[in-house]
Amino acid sequence: MARSRSGTRGRRGPRKPQRRPGTFTPGAVQVVDPSERGAIELPGTITVKELAELLGTNPADIIRELIKSGIFATINQLIDRDTASLVAEELGYEVAEPTAAAAGDEDEEGGAAPAEAAKEQLWDETAEDEESLVDRAPIVTVMGHVDHGKTSLLDAIRSTTVAAGERGGITQHIGASEVTTKDGKRVVFLDTPGHEAFTSMRARGAKVTDIAVIVVAADDGVMPQTLEAISHAKAAKVPLVIAMNKIDKADANQDRVKTELAEAGVVVEDYGGDTPLVPVSARTGQGINELLEIILLVADLQELKANPKRDAIGTVIEARLDKGRGPVATVIVQTGTLRVGDVVVAGNTFGKIKALENSAGKRVPKAGPATAAVILGLSDVPEAGDVLRVVGDVTIARSQVEQRRTAAAAQAGGASGRATLEDLYKQIQAGQAKELRIILKADVSGSLGAITNALGQLNTDEVKINVLLEANGDITDNDIMLATASNAIVVGFNTGITDTARRAAEAEGVDVRLYDIIYKLTDDIDAALKGMLEPEIVEVVEGRAEVRQIFRVGKTTVIAGCYVTDGRIVRTGGARVYRGGKVIATDKIDSLRRFRDDVREVASNFECGIGLAGYNDLEEGDIIECFTQQARSRITG
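The structure reproduced in this document is the subject of the present report. (Residues numbered from 1 in each chain as written. Predicted model: local features only at pLDDT ≥ 70, side-chain atom pairs only at ≥ 80, totals over all residues. Heavy atoms only, no water.)

## Observations regarding the environment of G492
To keep things clear, this is the line we draw: Comment: elements are numbered from the N terminus, with helices defined as DSSP H or I runs of at least four residues and strands as E runs of at least two. Residues count as neighbours in contact if any of their non-hydrogen atoms are within 4.5 Å of one another.
Considering the arrangement of structural elements, one finds G492 in strand 24 (residues 489-493). Once the C-alpha coordinates of G492 and D474 are considered, the two residues, 18 residues apart in sequence, prove to be 7.8 Å apart. Residues contacting G492, with those up to four places away along its chain left out, are K441, I475, R513, L514 and Y515.

## What about the environment of I438?
Summarising the element assignment, I438 is placed in strand 22 (residues 435-442). Discounting residues that sit within four places of it in the chain, I438 has contacts with L455, I465, N466, V467, L468, L469, A488, I489, V491 and I525.

## Overview of the side chain of T522
Within the element layout of this structure, T522 appears in helix 16 (residues 518-529). Setting aside residues no more than four positions away along its own chain, T522 makes contact with A454 and L458.

## As for the pairing of strand 14 (residues 326-335)
Heads up, the rule is: Working definition: with a 1.4 Å probe on protein chains only, accessible area under 20% of the residue-type maximum means buried, over 50% means exposed, and in between means partly exposed. When DSSP locates at least two bridges between a pair of strands, those strands are taken to pair.
Taken across its 10 residues, strand 14 has nine buried, putting it largely inside the fold. Summarising the sheet, strand 13 (residues 313-322) and strand 14 pair through nine bridges and their orientation is antiparallel. Paired with I313 across the bridge in strand 14 is T335. The hairpin turn running from strand 13 into strand 14, its antiparallel successor, is three residues long.

## Re the nonpolar core
Here is the rule we go by: Put simply, a nonpolar core is a bunch of buried Ala, Val, Leu, Ile, Met, Phe, Trp, Tyr and Cys residues held in one set by side-chain atoms that sit within 4.5 Å of each other.
The biggest cluster of nonpolar side chains holds 24 residues, and the ones touching the most others in it are L153, I157, F189, L291 and I295. Secondary-structure elements contributing two or more residues to this core are strand 6 (139-144), helix 6 (150-158), strand 8 (186-191), strand 9 (211-217), strand 10 (240-245) and helix 10 (288-302). The element that contributes the greatest number of residues to this core is helix 10, accounting for seven residues. Once you skip the residues sitting within four places of it in the chain, I157 turns out to touch V179, F189, I288, L291 and L292. If you look at the next biggest cluster of nonpolar residues, it comprises 21 residues, including C562, V564, A575 and L618.

## A few points about the pattern of salt bridges
Applicable threshold: A pairing counts as a salt bridge when a side-chain nitrogen of Lys or Arg comes within 4 Å of a carboxyl oxygen of Asp or Glu.
Tallied over the entire structure, the rule returns 22 salt bridges. Here R283 and D248 are joined by a salt bridge, their closest N and O atoms 2.9 Å apart. Of this pair, R283 sits in the loop between strand 11 (277-279) and helix 10 while D248 is found in the loop between strand 10 and helix 9 (254-263), placing the two residues 35 residues apart along the sequence. The class for R283 is exposed, based on a relative accessible area of 68%. By relative accessible area, D248 is classed as partly exposed at 31%. Here R579 makes a salt bridge to E619, at a shortest N to O gap of 3.6 Å. Of this pair, R579 sits in strand 28 (residues 574-579) while E619 is found in the loop between strand 32 (607-612) and strand 33 (623-632), placing the two residues 40 residues apart along the sequence.

## Brief notes about helix 9
For the record, the criterion: Arc, as used here, means the arc of the directions from the helix axis to the C-beta atoms. Whenever two N or O atoms come within 3.5 Å, that pair is a polar contact, provided that in protein one can donate a hydrogen and the other can accept it, and provided that, for residues adjacent in sequence, both atoms are side-chain atoms.
Those residues of helix 9 that fall on the buried side of the exposure criterion are V257, K258 and L261. With its buried residues spanning 95 degrees around the axis, helix 9 presents them on a single face. Buried residues along helix 9 sit in contact with strand 9, helix 8 (224-235), strand 10 and strand 11. A distance of 3.4 Å separates the backbone nitrogen of D255 from a side-chain oxygen at the start of helix 9, and that oxygen is part of N253.

Encoded structure:
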């Protein structure tokens with residue numbers, strides 16, 4: 001049944017669209033008075049030009065109404081049905097109720113679901129039809145120290161020359177590529193940067209991967225960034241495969257690499273552990289096939305599956321603004337099938353997919369599970385690491401983005417959601433916390449060992465301590481980035497924190513704690529695990545007052561007539577009495593009056609009467625300093 005919202009216009013009543021003769025030809029639509037037309041049916045989305053043609057009005061009228069609502073649109077820009085409906089009614093037209101077809105005007109293969117169904121689908125992330133599950137390709141992240149040959153190794157796998165085209169031979173951005181083995185099995189590779197400047201991107205890469213390949217040069221051994229890469233992979237709880245590269249070099253020492261990995265907590269199969277190690281040479285191609293076989297074997301053990309029949313869910317790997325094509329994002333589709341025409345939400349942006357490109361740069365109509373794809377059509381550039389989801393229509397997408405932006409603004413104004421020792425006990429009680437993740441930095445290796453052993457003895461049935469990274473030196477922004485990616489706290493012993501790391505910790509809300517005594521460190525952690533961590537009590541000087549006259553009330557009570565010279569005097573505060581610059585008494589304020597009224601506080605430049613609880617030997621010229629005790633979070637970072 002048709003409906004009209006013209007009653008909401010109140011005093012104005014409908015107004016006719018203004019047009020100049022000869023300036024616009026509305027296609028096949030006959031120009032008639034709005035009051036003489038029947039109810040207009042609108043699709044789920046429509047361009048400004050199409051809406052003008054449908055109404056038989058000038059596009060400028062549409063744009064003018066949109067501007068009044070704060071929407072600055074061009075003639076070819078898509079607007080959702082609700083927005084188009086409001087514009088039409090403002091111009092005097094009656095709009096019909098949406099039909100099922102209007103809720104999503106896509107074809108059956110790539111069509112969007114009706115609004116209500118899409119809402120249910122948006123929140124139902126776990127329901128999967130087991131009969132629809134199929135095997136999917138593993139998503140593999142390649143990590144390691146700079147110049148250990150990660151990209152060259154991928155070149156050998158995919159028979160390309162990517163490394164030759166990169167400045168300095170160092171990967172400058174996260175790339176995704178797909179490889180098909182001789183057996184016809186697919187593997188998706190993410191090539192992450194190895195340089196310290198790209199630690200944040202490496203952390204993003206570890207979040208979406210099924211298997212982490214750690215590249216270690218046989219002639220160089222385990223390096224600091226190798227340890228960071230291992231820490232990121234462990235934090236993401238993904239299995240490791242070690243690719244020992246450059247075995248063709250004369251100074252390669254495979255036993256040394258295995259020993260250093262064991263010292264880093266990664267015991268390879270040759271040493272009795274469960275981590276596969278494959279000797280390879282990116283230059284000669286030796287061991288490449290064996291590496292792929294091991295990757296597929298590890299993937300088979302995980303039984304990786306996905307439902308290609310559902311709407312897609314993926315993760316943004318990288319995004320940029322292209323001058324010619326607008327916002328461009330590289331996405332790994334993790335489940336479902338992404339199609340051209342789908343409406344998607346990615347972080348705080350949304351849009352309708354105009355085009356899909358595969359990892360080879362070719363246009364494709366769809367991208368299935370475990371597929372790398374470049375998407376065009378988003379309204380803005382998303383963040384790397386944002387989750388991308390298909391939703392029913394633009395109205396739902398816009399609503400979701402607005403909710404997320406509102407929530408993000410509220411969170412920015414409040415407390416951080418990062419892990420802190422103060423919040424740990426509450427999380428344990430709520431069943432949310434299973435482990436306390438710690439990044440440990442110390443001055444010397446001996447301290448690291450002692451602290452790690454001490455922390456290991458604090459594990460409880462409710463929560464375990466997981467030291468993600470232990471290393472010597474100051475706390476750096478790399479440590480903060482790992483803490484951000486893994487929701488960990490950073491603990492420093494007899495070490496400092498760099499200025500950039502301090503700023504990063506404040507921006508990300510990472511809990512940083514510095515200690516110089518081991519038992520204080522372990523006491524804090526132990527107290528947090530047991531829910532007994534008390535805030536630090538600090539003294540705050542509130543103000544000072546000068547005694548200018550003494551009033552005796554009865555035999556024992558003395559009231560000091562004072563003038564507040566600095567700050568404020570608080571009735572519930574403590575008091576120190578200074579005479580000749582020295583403290584002669586410490587007491588508490590028992591009474592505080594202004595004229596005949598009892599007051600809670602007196603500000604600077606006002607007179608008052610102060611009575612102390614136990615000290616009565618006040619003299620003119622004494623200084624009474626008021627102080628309070630306040631609880632402060634014991635975060636020293």
